[in-house]
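Each chain is listed here by its residues.
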Amino acid sequence: MLEGNAFDSEDFSRTPFGSISTADTPIAAEAQRASQVLHPGSMNIPKPREQRIITIANQKGGVGKTTTAVNLAAALALQGMTVLVIDLDPQGNASTALGVDHHSGIPSSYELLIGEIPVQDAIQQSPHNERLLCIPATIDLAGAEIELVSMVAREGRLKTAIQEANLAGYEIDYVMIDCPPSLGLLTVNAMVAAKEVLIPIQCEYYALEGVGQLLRNIGLVQSHLNPELHVSTVVLTMYDGRTKLADQVAEEVRGHFGDVVLRSVIPRSVKVSEAPGYGMTVLDYDPGSRGAMSYLDAGREMAARAVGATYAPDPVAATPVTEGGDVNEERGR
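An account of the accompanying structure is given in this report. Since this is a predicted model, take the numbers as computed values, not measurements. (Residues numbered from 1 in each chain as written. Predicted model: local features only at pLDDT ≥ 70, side-chain atom pairs only at ≥ 80, totals over all residues. Heavy atoms only, no water.)

1. Description of the pattern of salt bridges
Put simply, the rule reads: Salt bridges are defined by distance alone: a side-chain nitrogen of Lys or Arg within 4 Å of a carboxyl oxygen of Asp or Glu. We count a stretch as a helix when DSSP gives it H or I for four or more residues in a row; a strand needs E for two or more, and each element gets its number in order from the N terminus. Using a 1.4 Å probe on the protein chains alone, a residue whose accessible area is under 20% of its type maximum counts as buried, one over 50% counts as exposed, and one in between counts as partly exposed.
The full count for this structure, using the stated rule, is 10 salt bridges. The shortest N-O distance in the salt bridge between Lys195 and Glu50 comes to 3.1 Å. Of this pair, Lys195 sits in the loop between helix H9 (185-193) and strand S8 (196-202) while Glu50 sits in the loop between helix H2 (26-38) and strand S3 (52-56), and the two are 145 residues apart along the sequence. The partly exposed category is assigned to Lys195, whose relative accessible area is 31%. Across the salt bridge formed by Arg268 and Glu204, the nearest N and O atoms sit 1.9 Å from each other. With Arg268 in the loop between helix H11 (244-257) and helix H12 (270-274) and Glu204 in the loop between S8 and helix H10 (211-224), the pair connects residues that are 64 residues apart, well separated along the chain.

Quick look at the structure:
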């Protein structure tokens, strides 16, 4: 079968292992998925007709807001889009996940909002992808809401800064704004700057609690500050196919929001949670994992919807977590 470095696939097919496919071997399947992520090839997605500015908002904490923002941005950048992530959360978790510096003294979204620096001074490139840009957040942002109260046009300061980004030599396809878990002035700035709102909703008991207040606030911004704002996307996160609760929540969310809910769901995954600790998104940390594939699918689906196309999620990534599937990943292996 083997002569030197040659490999005879016909001889291999006659061995006891010849009938095994990648679907039957988890390690081979994961390696194949990792190869697809790292080398997208023909899987490039269509460019939007115009720059898409998307605010990722949900005042409930722990729903996967920052995780969704950075991983969707990484998925889009991996497939040929130029993406700018604006970190508006004083905790700076999005900046951490993208591997950019965000200690005190670094030009950040705080200085941008109060008008101390131009946008080109705040933009950093992620070390993992040249198409992935970030305006980081530092702890200084924690006091920004108080300082903004007395400023002129306080709700539109971020919008003005983003408009300048087009004049700073960047051809940005997507702007993803990661909001803090509140409905304060920082979140209002994000909503005034954007045309779209993406709401991540976890597949757990309190999923829809508080979403009503978020929708009311979006309505107020529409009425008084930004008539173009609308909820374009809802992403189901932390989905665990081993529980009936996850299916019940998913069904309720789809019934309430309809077609804006992505068909791609994000599974509960240890790998997704571990990645920021290494200054990475899950697509860089473990590209063959189910979490990475799910975000890649979600990015493709979101891009396809923008141009009126349809997209079917990868059946491997969309398969719910079961006892025979990625349970080892869920237990941290």
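Next comes the rest of the account.
2. Here we look at the nonpolar core
To keep things clear, this is the line we draw: Side-chain atoms within 4.5 Å link the members of a nonpolar core, which is a set of buried Ala, Val, Leu, Ile, Met, Phe, Trp, Tyr and Cys residues.
Counting 56 residues, the largest nonpolar core has Ile86 and Ile177 as its most contacted members. Within the second largest apolar cluster, 37 residues are counted, among which are Ile56, Ala94, Val100 and Leu262.

3. Here we look at the pairing of S8
Test applied: Should DSSP find at least two bridges between two strands, the strands are regarded as paired. Whether a crossover is right-handed comes down to one check: with the strands pointing away from the viewer, does the path from the first strand over the helix to the second run clockwise; if it does, it is right-handed.
By the criterion of burial, S8 is predominantly enclosed, with seven of the seven residues buried. The alternating pattern of S8 places Glu196, Leu198, Pro200 and Gln202 and Val197, Ile199 and Ile201 on opposite faces, both of which are buried. By the bridge criterion, three bridges tie S3 to S8 in an arrangement that is parallel. Paired with Ile56 across the two strands is Leu198, which belongs to S8. Note that S8 and strand S9 (residues 230-237) share seven bridges and pair parallel. Paired with Gln202 across the bridge in S9 is Thr237. One crossover worth recording links S8 to the parallel S9 by way of H10, and it is right-handed.

4. Brief notes about the packing of helix H3 (residues 65-78) against helix H14 (residues 290-306)
Stated precisely, the cut-off is as follows: The axes are straight lines fitted to the C-alpha atoms, using for helices just the contacting stretch, and the angles between their N-to-C directions are given from 0 to 180°. When an angle is under 35 degrees it counts as roughly parallel; over 145 it counts as roughly antiparallel; between 65 and 115 it counts as roughly perpendicular; any other value is oblique. Any two residues whose heavy atoms approach within 4.5 Å at even a single point are treated as in contact. Residue polarity follows a fixed list, in which Ala, Val, Leu, Ile, Met, Phe, Trp, Tyr, Cys and Pro are nonpolar, Asp, Glu, Lys and Arg are charged, and the others, Gly among them, are polar.
Where H3 meets H14, the axes come as close as 8 Å, and the angle between the chain directions of the two elements is 70°. Taken as axis vectors, H3 and H14 run roughly perpendicular relative to one another. Only Tyr295, Leu296, Ala298, Gly299, Met302 and Ala303 of H14 make contact with H3, whose side of the interface consists of Thr67, Thr68, Asn71, Leu72, Ala75, Leu76 and Leu78. For the contact of H3 with H14, a count of residues per class yields nine nonpolar, four polar and no charged.

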